[in-house]
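Examination of the molecular architecture
Each chain is listed here by its residues.
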Amino acid sequence: YSNFIDVLRVYVRGGTGGMGYPNLGGEGGRGGDVWFVARERTTLKSIREKYPQKRFVAGTGANSSVKALKGEKGKDCEVHVPLGISVLDDDGKQIGELNAAGERFLAARGGLGGSLATNFLPCKGQRRTVHLDLKLIADVGLVGFPNAGKSSLLSKISHAKPEIANYAFTTIQPELGKIMYVDYKQISVADLPGLIEGAHANKGMGHKFLKHVERTKQLLLVVDISGFQLSIKTQFRTAFETILLLTKELELYKEELVTKPALLAINKMDLPCAKDNLDELTTQLENPQDFLHLVEEEIIPANTLEFRQVIPISTYTGEGIEELKTCIRKSIDEQADQVNEEYRKKKLLLLQTSK
């Protein structure tokens, strides 16, 4: 997990103010501020490599003098951070958020310069330790248990080259790819580390995975049609039970996650008996309530996910991959139209009320 960093602890300190000039009532310059500025193509890893001390200190304000009774402000310190950053204090409380390029957050304010009010003595700048918590921003987040074929799917639909192997935890860090369409439309897809039962309670990679789902616009559940078993010590789960479990883990971590638009990709359709298993799963998904009495109560979510589309695929043979890409594009476009329509109605309502 060392190549990808999604949490960084840094020390920030605003600059000290400049000295006042008692004889002439001069005022020292205010200390500089420390700002976090969201920039594209920036990573927390690059910040750690460039600033190994992880200390950011702004400049000191200029002293007041006969030539300049009002001292100049100290130099600000700007730290470029990636998009999708939450700024947390040492108690874990969120104090800021940066989601779009150019957004700024004041991390540490500079101290006041010396003046009559401070007996011409300068004030020290604000100092504190903060945590930069990254949550990936992607159009689509791939959600599934280990070995469901998420990495293989990402390599098929995008130019990403994730590690692919026949063991459970191939993906141990988030992987980003872009689907390129013939009209140059691009849709970003995040392949996130595989969930296990109990991920909501931080088992396995738990919160390291689930926090990245928060900022994806849509979910794409990837399920093995033949079912899932993490090891010989754990229980075998059918494809239907797998979907219920994934929904339950998302729901227990954060209830709003199951309200996101979702697609379902049924993978490994090249396997024997896949067609029969798919027919059975389709029946179960049409009326899930009729089959819940057959599964354990603890894996049943309060709300079942509503899938916009269910697409059978095989990352091995390529079956259904183009159809899946089309469905992703359609779903993203529909969501964008819906958001635009809601924004338009909101603006119209504001205009009507103002009149």
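Residues numbered from 1 in each chain as written. Predicted model: local features only at pLDDT ≥ 70, side-chain atom pairs only at ≥ 80, totals over all residues. Heavy atoms only, no water.

Quick reminder of the rule: UniProt positions are given in the numbering used here, feature names are shortened, and annotations may be inferred rather than shown by experiment.
The name given to the chain in an unreviewed UniProt entry is GTP-binding protein 10, and the organism recorded there is Eulacestoma nigropectus. Note on the chain: under the UniProt heading Subcellular location (unreviewed entry), the record states "Nucleus, Nucleolus". Reading the Sequence similarities (unreviewed entry) entry of the UniProt record for the chain gives the comment "Belongs to the TRAFAC class OBG-HflX-like GTPase superfamily. OBG GTPase family."

A look at the environment of S158
What counts, and what does not: Secondary structure is summarised from DSSP: a helix means a run of H or I of at least four residues, a strand means a run of E of at least two, and numbering begins at the N terminus for each. Only protein chains enter the accessibility calculation, which uses a 1.4 Å probe. A residue is then buried if its area is under 20% of the maximum for its type, exposed if over 50%, and partly exposed in between. It only takes one pair of heavy atoms within 4.5 Å for two residues to be counted as in contact. Each polar contact in these results corresponds to two N or O atoms within 3.5 Å; when the atoms are within protein, one needs to be able to donate a hydrogen and the other to accept it, and residues that are neighboring in sequence are counted only if both atoms are side-chain atoms.
Mapped onto the elements of the fold, S158 is located in the loop between α2 (150-157) and β10 (175-180). For S158, a relative accessible area of 8% translates into the label buried. In this structure the C-alpha to C-alpha distance between S158 and N23, which are 135 residues apart in sequence, comes to 70 Å. The contact partners of S158, leaving out residues within four places of it in the chain, are G177, K178 and I179. Within polar-contact distance, the side chain of S158 engages the backbone oxygen of L154 at 2.7 Å.

Notes on the side chain of K260
Looking at the element boundaries, K260 is found in the loop between α4 (239-253) and β13 (262-267). For K260, the side chain forms a polar contact with the main-chain oxygen of E214, separated by 3.0 Å. If sequence neighbours within four positions are ignored, K260 has contacts with V213, E214, R215, T216, K217 and L219.

Focus: a nonpolar patch on the surface
Heads up, the rule is: Patches were defined on residues exceeding 30% relative accessible area and lacking a salt bridge, with like-charge contacts within 9 Å and nonpolar side-chain contacts (Val, Leu, Ile, Met, Phe, Trp, Tyr) within 5 Å. Here, Shrake-Rupley sampling with a 1.4 Å probe gives the accessible areas, and only protein chains in the shown set may cover a residue. Think of a salt bridge as a Lys or Arg side-chain nitrogen and an Asp or Glu carboxyl oxygen that are within 4 Å of each other.
Together, L24, V66 and L69 make up a nonpolar patch on the protein surface, roughly 280 Å² of accessible area in all. Secondary-structure assignment places L69 in the loop between β3 (55-57) and β4 (77-81).

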